[in-house]
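# Per-entry structural report
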Amino acid sequence: MEQKKSTTTRPATDRERPSVSTLPDDSSVAALSNPDEIEEVRKLVKLLEVRDETGGELPDHVKRSLRGAKGMLRLYVAMTELLESYCGLGYGSPEVTCDQIAEVAPDLYEEFGRDRILALGEELLPAEFPEQSEKLQEMFQAFNVKYFSGRLPEYRILVVFDVPYWQTERLGYQVSEPYAVRGFIDFSGRIILVGVRAGLIPGATIQGTLLYEMVHAATDGEHGDLWKAEIARLVLLGAPVNEFDLEDDSPAAEK
């Protein structure tokens with residue numbers, strides 16, 4: 001989720017906003033726009049968590065299910081998610097993720113090749129998912145009318161793989177604390193970033209993450225009383241907010 005505003009510095013100048021880089025239709029990375037594929041990644045993350053506790057390689061039957069480009073995509077994304085959830089940003093870099101894949105599935109690593117795995121990581125880093133972005137753009141419009149009486153200004157919604165990459169490299173912000181981010185709102189550029197991996201967090205969904213950022217657009221951009229009151233109002237309206245957004249120890253509850 002988006003971190004406290006104190007961890008983010010706005011660009012010194014209002015530079016030109018990024019154009020959207022789309023993926024070719026035959027790209028294996030484009031498979032992440034399919035919610036079923038994200039569900040498979042979620043299952044794999046759980047398997048990797050078990051393996052992390054017990055040590056050793058992934059079971060043979062799991063490795064057999066991960067052969068080919070789509071299988072390596074699942075493994076790469078799941079490993080990146082695990083590394084970032086444990087260690088923070090930077091630990092899910094292509095190089096580190098590649099090394100971890102070599103440890104948990106050495107035969108798949110050899111079969112696919114280090115160069116191809118690194119290339120997959122470099123393709124993922126700036127990836128934006130236009131179909132998902134279009135769906136969330138429509139969802140933004142519907143949520144704005146249903147839950148905010150249409151009072152929010154227009155925002156451009158982009159579903160991306162790596163929110164911090166877009167936040168820093170594309171929007172020009174500086175992040176001083178290495179925590180994983182699933183969403184970000186750029187007030188000046190009227191852009192909301194939503195991570196395609198938002199649904200991998202227990203108790204979170206991509207819809208809830210969009211609402212999380214829309215509440216920022218409706219309040220002061222902080223996580224204080226105004227933000228909490230707005231989340232509580234949405235809960236009463238039956239909005240699909242993330243389950244942990246009202247918990248005292250959740251990222252959403254930080255001031």
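Described below are features of the structure shown in this document. Values in this document were obtained by computation on a predicted structure and should not be read as measured data. Position numbers for residues start from 1 in each chain and track the written sequence from start to end. Reporting of local features is limited, given that this is a predicted model, to residues whose pLDDT is at least 70; pairs of side-chain atoms are given and counted only at 80 or more, and all residues count toward the totals for whole chains, interfaces and linings. To obtain the side-chain values, all non-hydrogen atoms of the structure were included, while hydrogens and water were left out.

### Digging into helix α4 (residues 94-104)
- When we look at burial in α4, the residues that qualify are Pro 94, Thr 97, Cys 98, Ile 101 and Val 104. For α4, the angular spread of the buried residues around the axis is 130 degrees, confining them to a single face.
- We call two residues in contact whenever any of their non-hydrogen atoms come within 4.5 Å of each other. To qualify as a helix, a DSSP run of H or I must reach at least 4 residues; to qualify as a strand, a run of E must reach at least 2; elements of each kind are numbered from the N terminus. Contacts from the buried residues of α4 go to α1 (35-54), α2 (60-64), α3 (68-87), α5 (106-112) and α6 (114-124). Relative accessible area decides the class of each residue, using a 1.4 Å probe on protein chains only: under 20% of the type maximum gives buried, over 50% gives exposed, and in between gives partly exposed. In this description, one arc is meant: the one made by directions from the helix axis to the C-beta atoms.

### A look at the packing of helix α7 (residues 130-148) against helix α9 (residues 206-218)
- Helix axes use the C-alpha atoms of the stretch in contact, all axes being lines fitted to C-alpha atoms, and the angles between their N-to-C directions lie in the range 0 to 180 degrees. Packing of α7 against α9 brings their axes to within 10 Å, and their N-to-C directions diverge by 55 degrees. With respect to α9, the element α7 is oriented oblique. In this structure, the crossing between α7 and α9 has a hand that is right-handed. On α9, the residues that touch Gln 132, Leu 136, Met 139, Phe 140, Phe 143, Asn 144, Tyr 147 and Phe 148 of α7 are Ile 206, Gln 207, Leu 210, Leu 211, Met 214, Val 215 and Ala 218.
- Within the contact of α7 with α9, the residues separate by chemical class into twelve nonpolar, three polar and no charged. Geometric relationships in this document are graded by angle, where less than 35 degrees denotes roughly parallel, more than 145 denotes roughly antiparallel, 65 to 115 denotes roughly perpendicular, and other angles denote oblique. Each crossing is labelled by how the near helix is turned from the far one, with a counterclockwise turn of less than a right angle marking it left-handed and a clockwise turn marking it right-handed. Basically, the charged four are Asp, Glu, Lys and Arg, the nonpolar ten are Ala, Val, Leu, Ile, Met, Phe, Trp, Tyr, Cys and Pro, and anything else, Gly included, counts as polar.

### Side note on the pairing of strand β5 (residues 191-195)
- In terms of burial, β5 is largely enclosed, as five of its five residues are buried.
- Alternating residues of β5 divide into Ile 191, Leu 193 and Gly 195 and Ile 192 and Val 194, and every residue in both groups is buried.
- Pairs of strands are assigned from DSSP output, requiring at least two bridges between the strands. Two elements, strand β2 (residues 156-160) and β5, share five bridges in a ladder whose sense is parallel. What sits directly across from Leu 158, in β5, is Leu 193.
- As defined by bridge partners, strand β4 (residues 183-186) adjoins β5 across four bridges and the pair is classed as antiparallel. In the strand pairing of β5, Phe 184 is matched with Leu 193.
- Linking two consecutive strands that pair antiparallel, namely β4 and β5, is a turn of four residues; a positive phi of about 55 degrees is found at Arg 190 within it.

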